[in-house]
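What follows is the residue order along each chain.
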Amino acid sequence: MSEVEVERTKARILKEAATIVGESSLAELSMRSLAGRVGLTPGALYRYFPSKQSILHAYWADALADLRRRVHSIGADEGDPIAAIRRIFAVYTSFCLEDHDRFKVLFLENSQGLEDGYSHPEDLLPYEHLVERVNGAMKAGAFRGADPEAVAQALWAAAHGGVTLLITETTMKLSEPADLLSTIIDNMLRGLAAQE
């Protein structure tokens, strides 16, 4: 089997693992069930990934690398820190909403001790980028508050909560995702604006 075929098979395994978690839960993901869904024997699956944990680590690493690339694309060329913060959240919420299974694996189904949080410093780069932009807004006098980290956490929590609601709520008629998330971020930013 060529390297390209191995990588395609690994990608298929990771995608199917996320689908299983998205359809039910992390507890339902087993090497046997996953092998059956991708058309491999359990023994063959172990040649690609030695454990359920290694599958999840690979999935998290790939997904977080994608999020880092997207946030990094905003770059330092955006001079207005408020505009940069809006773009960070546009990128983050788009990333979350485009693949509900991925969002659940990364942010909702992470409670079984299989992952010790974001274990590599680069995993936190999107968040650190946000903190830098919040700090820039505070230094420019656009935001009130004294702790950029606390403000960044509040903003991230609001956006994350909105995404979670959109993905998990099935009984309520919610606003269009873009409208709801824009309203959340707009109101958070308005609340942080320095008083004139």
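Engineer: Can you walk me through the overall build of the protein in this structure?
Structural biologist: Looking only at helices and strands, the protein features nine helices and zero strands. Referenced to the eigenvectors of the C-alpha coordinate spread, the extents of the protein come out at roughly 65 × 40 × 30 Å. Counting across all 196 residues of the protein, residues that qualify as buried make up 42%. The contacts in the protein between residues at least 6 apart in sequence include a share of 66% that link residues at least 24 apart.

Engineer: What is the right way to look at the nonpolar core in this model?
Structural biologist: Nonpolar side chains tend to gather and get buried jointly when the protein is soluble and globular. Ranked by internal contacts, the top residues of the largest apolar core, which has 57 residues, are Leu34, Phe89, Tyr92, Val134 and Phe143. Broken down by element, the residue count for this core peaks at nine residues, all from helix α5 (residues 81–98). Those residues in contact with Phe89, other than ones at most four positions away along the chain, are Leu130, Leu155, Trp156, Ala159 and Ile185.

Engineer: Looking at this model, I keep getting lost on the pattern of salt bridges. Mind explaining?
Structural biologist: Charged atoms that come close allow side chains of opposite charge to pair. Under the counting rule described, the total for this entry stands at nine salt bridges. Close ionic contact of Arg37 with Glu23 constitutes a salt bridge, the shortest N to O distance being 3.2 Å. With Arg37 in helix α2 (residues 31–38) and Glu23 in helix α1 (residues 3–23), this pair connects stretches of sequence that are 14 residues apart. Arg70 serves as the salt-bridge partner of Asp66, at 3.1 Å between the closest nitrogen and oxygen. With Asp66 and Arg70 both in helix α4 (residues 52–72), this residue pair falls four residues apart, about one helical turn.

Engineer: Help me understand helix α9 (residues 177–192), please; the structure alone is not making it clear to me.
Structural biologist: In an α-helix, one turn spans 3.6 residues, which is why side chains three or four residues apart end up on the same side. Compared with the 22 Å implied by 1.5 Å per residue over 16 residues, the 23 Å span of α9 between its first and last C-alpha is a close match. Where α9 is concerned, the buried positions are Leu180, Leu181, Ile185, Leu189 and Leu192. Projected down its long axis, α9 shows its buried positions confined to an angular sector of 160°, all on one face.

Engineer: What is the right way to read the side chain of Thr93 from this model?
Structural biologist: Along the polypeptide, Thr93 turns up in helix α5. Side-chain polar atoms of Thr93 contact the backbone oxygen of Ala90, separated by 3.4 Å. Ignoring any residue separated from it by four or fewer positions in sequence, one finds Thr93 in contact with Ala159, Val163 and Leu181.

Engineer: What's the story with helix α6 (residues 100–108) in this structure? I'm lost.
Structural biologist: When we look at burial in α6, the residues that qualify are Asp101, Arg102, Phe103, Val105, Leu106 and Phe107. Along its buried surface, α6 packs onto α1, α4, α5 and α8 (148–168).

Conventions we followed
- Residues numbered from 1 in each chain as written.
- Predicted model: local features only at pLDDT ≥ 70, side-chain atom pairs only at ≥ 80, totals over all residues.
- Heavy atoms only, no water.
- Helix = DSSP H or I, 4+ residues; strand = E, 2+ residues; numbered from the N terminus.
- Buried < 20%, exposed > 50% of the residue type's maximum accessible area, 1.4 Å probe, protein only.
- Contact = heavy atoms within 4.5 Å.
- Core = buried A, V, L, I, M, F, W, Y, C linked by side-chain atoms within 4.5 Å.
- Salt bridge = Lys/Arg side-chain N within 4 Å of Asp/Glu carboxyl O.
- Expected span 1.5 Å × (residues − 1).
- Arc of directions from axis to C-beta.
- Polar contact = N/O pair within 3.5 Å; in protein donor to acceptor, adjacent residues only side chain to side chain.

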